[in-house]
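# Residue-level structure breakdown
Residues per chain, in single letters:
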Amino acid sequence: MKPDPSRVLFGIASTLSTQLAMEARTPFGAYLAGISAGLTSTLAVEFERIIDRLNTENHALVALVHDAKPFTSGDLRDRVSAAYTELVLPNLLLSTLVGANDRLRALLIDVHVVVEATPSEAALAMDARIWDELRESTRRRHIGIGAY
Amino acid sequence: MESGLAAYLSPRLANGAPVAIHNLLRIPGGASRETWMFEAAWTADGGERREHLIVRKDPPASLLETDREAEYAFYSSFAGTAVPVPAMRWLEQDPAVLGGPFFIMDRVMVGETSTANLLTPRYNAARGPIARRMYELLGAIHTFDWKDAPLARVTPAPTLDGCWSKELDHWEDVINENELSPQPIARAAIRWLRANPPPPAQRVSVVHGDYRVGNFLYHIDGEIKAIVDWEMSHLGDPLEDLSWSFMEAWQWARDGKPGGIIERPEATAIWEHASGMRADSIAMAWWDVFNSVKAQGIWVTGAKSFQEGRSGELILAMVAYSLINRQDEILLRAMGRGA
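Owing to the predicted nature of the structure, the values given are computational and were not obtained by experimental measurement.

What counts, and where the lines are drawn
Residues numbered from 1 in each chain as written. Chains lettered and ligands numbered in written order. Predicted model: local features only at pLDDT ≥ 70, side-chain atom pairs only at ≥ 80, totals over all residues. Heavy atoms only, no water. Salt bridge = Lys/Arg side-chain N within 4 Å of Asp/Glu carboxyl O. Helix = DSSP H or I, 4+ residues; strand = E, 2+ residues; numbered from the N terminus. Buried < 20%, exposed > 50% of the residue type's maximum accessible area, 1.4 Å probe, protein only. 1 Å grid on protein atoms, 1.4 Å probe; cavity = no way out; pocket = protein on both sides within 12 Å on 5 of 7 lines; lining within 4 Å. Points joined across faces, edges and corners; volume = space filled by probe spheres on them. Nonpolar A, V, L, I, M, F, W, Y, C, P; charged D, E, K, R; others polar. Pairing = 2+ DSSP bridges. Axes fitted to C-alpha atoms, helices over the stretch in contact; angles between N-to-C directions. Contact = heavy atoms within 4.5 Å. Buried area = accessible area lost by both parts, 1.4 Å probe.

What the rule picks out here adds up to 38 salt bridges over all chains. The salt bridge partner of Glu136(B) is Arg133(B), with a shortest N-O separation of 2.8 Å. Of this pair, Glu136(B) and Arg133(B) are both found in helix H3 (residues 124-142), three residues apart, which corresponds to roughly one turn of the helix. For Glu136(B), a relative accessible area of 25% corresponds to the partly exposed category. Accessibility expressed as a relative area gives 22% for Arg133(B), which makes it partly exposed. When salt bridges that share partners are traced, they join Glu57(A), Glu133(A), Arg140(A) and Arg141(A) into one network.

Structure below.
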């Protein structure tokens, strides 16, 4: 659909922050208009990228936990072995991708616990890789509105 | 709201005579409780009487589920002390009166809380004195003798070496109950906090719980007129407050200064002088990480309240989108894993 949804959301944000905020009869009304504008701008950024972000992150997480498999055992090892199935999705609905991401991030937490408890150089290297991914996850989610 | 307030105040202010409510306005902010200011007017002895009041009312859901009775007790405990607080008037637990439990306090008529205005040129001369008072008053809070105060009846006192674990247990529970998505950075931080406990507290103090620029009324004369938002107050390690006040999320000018108004070493020195305690660097590093976990607990609670439809307050959604990931970035830096 055109105009692009992100463009429309930024248009709403602009209207809220300029015209509607000026029309507000109380400070609380102006505050609500400002909050609404900020939130709408944020959604505009997120709308454009969220599918790509989740898809990128889910692939990164599957690769990472696969490489950590030697540190795991039992049920956790089984979950790591099955992690790739989270990339085989029935559709690209946002809720489907978010569900896969939540399960993979929960798996990463459990893998991280095991890696932290393993006293070896290899485990230290894997721990560093997990922290790299955690840093990268914040970069993916970072919302900068300045470019708009 | 007006009719409910008028009916409630009539017997309390006017011996049953009619009370009129004027200029009822919601104050922006207050993501945990709705805060409204108003004037109550009535006739007595042939003349009009008028009081400027604030009502803090529980919303259906919020950033936090906190105990209003405890908040009321903390405010009341500091009445008449060197720590300025608004006078408490009434605590009402019956939700039928205004649609939620609430308390009413006097409105402090001078000063403002705006985090932005304090950074404007108008406050250039006052900013330094305000910053100094901020940390002198924090020292006064932390050296307050609370044992016979109202707060002692509503909040448990931890042991010196139990302060950290009591708070960490609490905030881990908050995250357990409220996270909508797994939080791998906060979870790693919690493991690190448990594996590397801080030294015991130097004393069990009143901890304000949300002590930062934005939660006190300051004035152009360089004074702080009132410290507000005691809803997360508890007894614990005073370093929790000092570290919280330094957190990057409140560095409003993004210049590394707490609140945008003072350098951390200077603030620490003022607090140490005022409190007679020391801000041990190892302990502070622990509380810096802890406070990011605590903040994440607050943000995810608000996100869940909004997601589940228990609150329609847009600030909760805004906080979720703007602060959960930012808090993770801050937490990484606090752990030396900087993003």
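Over the atoms, a rolled probe matching the size of one water molecule traces out where space is still vacant. Quantified by volume, the second largest pocket comes out at close to 1000 Å³. Sorting the residues of the lining of the second largest pocket by element identifies helix H2 (27-67) and helix H4 (94-116) of chain A together with helix H8 (281-307) and helix H9 (314-334) of chain B as the ones contributing at least two each. The biggest single contributor to the lining of the second largest pocket is H2(A), with eight residues. Tallied by class, residues from the lining of the second largest pocket come to 18 nonpolar, six polar and eight charged.

What follows concerns the sheet that holds strand S2 (residues 34-44) of chain B. Residues and elements named next belong to chain B. Here we have five strands laid out as an open sheet, ordered S1-S2-S3-S5-S4, and antiparallel in their pairing. Each edge of the sheet is formed by a strand with only one pairing partner; in this case those strands are strand S1 (20-26) and strand S4 (88-92). Strand after strand, the sheet turns through a mean of 25° between neighbouring axes, direction not considered. Pairing analysis gives five bridges linking strand S3 (residues 47-57) to strand S5 (residues 102-106), with the strands arranged antiparallel. Within the sheet, the bridge partner assigned to Lys57 lies in S5 and is Phe102.

In this section: the interface of chain B and chain A. Listed as interface residues are 27 residues of chain B and, on the opposing side, 27 residues of chain A. Across the chain B/chain A interface, buried area totals approximately 2500 Å², and carbon plus sulfur atoms make up 70% of it. One can count two salt bridges joining chain B with chain A. Arg337(B) serves as the salt-bridge partner of Asp127(A), at 4.0 Å between the closest nitrogen and oxygen. Elements supplying a minimum of two residues to the side of chain B that touches chain A: S1, helix H5 (184-195) and H9 of chain B. Per-element accounting of the side of chain B that touches chain A gives the leading share, nine residues, to H9(B). Grouping the constituent residues of the side of chain B that touches chain A by class yields 16 nonpolar, five polar and six charged.

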